[in-house]
Amino acid sequence: MLACLSFAPVVLAKDSVTIYTEQFPPYNFSNKGHLEGINLKFVKAMCVDANIECQFELLPWSRAYHLAQQKPLSGLVSTARIPDREELFKWVGPMASSRNFFYRLQSNDRINPIDLSQVKDHSLCVVRDSIYEKFVESIGFEGDKNLLKVSHYYECINLFFKNKIELIIGSELSFKYQLMQYGHQGREVVKLVELPLNGTVGNFLALNKALPEELVSRLQASYDKLSKQGLLETYIEQYKAN
């Protein structure tokens, strides 16, 4: 007598990747506990399209940056792609980005550098391991003299508005969002000298070097598809309007 065998349907698990991010509006940020932003929403859409299960975790930049290099199935958004980082990650993008400038308080009208040779005559705050850290050191800022390094950008904003530092760095698209989070409107600051971050080609999704190439290719294919459909531009316009 033959036994009747029954088989449960096989459910294939999705590939799973942890994507680290930081508080960097409007690209990626927490809004009342909900993670959103231009690039974060776009990466979420990419993961869905590529059939990859992505878990998102908001951390201070320096910790997120190091974890994305240590954890094999991980990535980091939004990450500026610069020569010093090129060999550290696999890259998908570019995502939304904008130009960066030094700013001063409107009330500090005595501070008016007109080029990079003059900005180093003032005090500045930067986040450790950010793209700005090495650049400002290369033009003359010194840690024991006029450069303060912190873990969170809000620390720079706090010191800036308390007149503890004279200059702050911000991007055209994100700076107003960052100020508004701490009760400022953006009218309190004056744009000064642009930072020519040579070799920077925009913000990307940076993926751990050990991430299988097949997953990287699927994410890049989804990026290409959704970009052509205009989704990234839709998100950019959506956050410009907010």
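For the structure itself, look to the data block above.
Description of the structure in this document. This is a predicted model, so every value here is computed, not measured.

This part takes up the layout of surface pockets. Its volume calculated, the largest pocket comes out at about 500 Å³. Around the largest pocket, the lining comprises 33 residues; the ones closest to its centre are Phe24, Asn100, Ile131, Tyr132 and Asn203. Going through the elements one at a time, strand E5 (74–80), strand E8 (124–127), helix H4 (131–138) and strand E10 (168–171) are the ones with two or more residues in the lining of the largest pocket. A total of four residues in the lining of the largest pocket trace back to one element, the largest contributor, which is E10. Of the residues belonging to the lining of the largest pocket, the class tally is 15 nonpolar, 14 polar and four charged.

Here the focus is the sheet that holds strand E12 (residues 203–208). Overall, mixed pairing links the five strands, which are arranged E4-E1-E5-E12-E6 in an open sheet. Only two strands of the sheet have a single partner each, and these edge strands are strand E4 (52–58) and strand E6 (89–92). Averaged over all pairs of adjacent strands, the angle between strand axes in this sheet comes to 30 degrees, irrespective of strand direction. Where E5 meets E12, four bridges bridge the pair, whose relative direction is antiparallel. Bridge pairing in E12 links glycine 75 to leucine 207.

To continue, consider the state of the cysteines. One pass over the structure, following the stated rule, counts two disulfides. The side chain of cysteine 47 participates in a disulfide bridge whose partner is cysteine 54; the two sulfur atoms lie 2.0 Å from each other. Between cysteine 47 and cysteine 54 the sulfur-sulfur dihedral comes to about -85 degrees; the bridge is accordingly left-handed. For the pair formed by cysteine 47 and cysteine 54, the shared burial category is buried. The disulfide partner of cysteine 125 is cysteine 156, and the S-S distance across this bridge is 2.1 Å. Here the disulfide of cysteine 125 and cysteine 156 is left-handed, its torsion about the S-S bond being about -70 degrees. Placement of the pair is cysteine 125 in strand E8 and cysteine 156 in helix H5 (residues 153–161), with a sequence separation of 31 residues. Exposure remark for cysteine 156: the relative accessible area of 0% places this residue in the buried category. Across the chain, the disulfide pattern expressed with sequentially numbered bonded cysteines is 1-2, 3-4.

What counts and what doesn't
- Residues numbered from 1 in each chain as written.
- Predicted model: local features only at pLDDT ≥ 70, side-chain atom pairs only at ≥ 80, totals over all residues.
- Heavy atoms only, no water.
- 1 Å grid on protein atoms, 1.4 Å probe; cavity = no way out; pocket = protein on both sides within 12 Å on 5 of 7 lines; lining within 4 Å.
- Points joined across faces, edges and corners; volume = space filled by probe spheres on them.
- Helix = DSSP H or I, 4+ residues; strand = E, 2+ residues; numbered from the N terminus.
- Nonpolar A, V, L, I, M, F, W, Y, C, P; charged D, E, K, R; others polar.
- Pairing = 2+ DSSP bridges.
- Axes fitted to C-alpha atoms, helices over the stretch in contact; angles between N-to-C directions.
- Disulfide = S-S within 2.5 Å.
- Buried < 20%, exposed > 50% of the residue type's maximum accessible area, 1.4 Å probe, protein only.

Geometry only, nothing functional implied.
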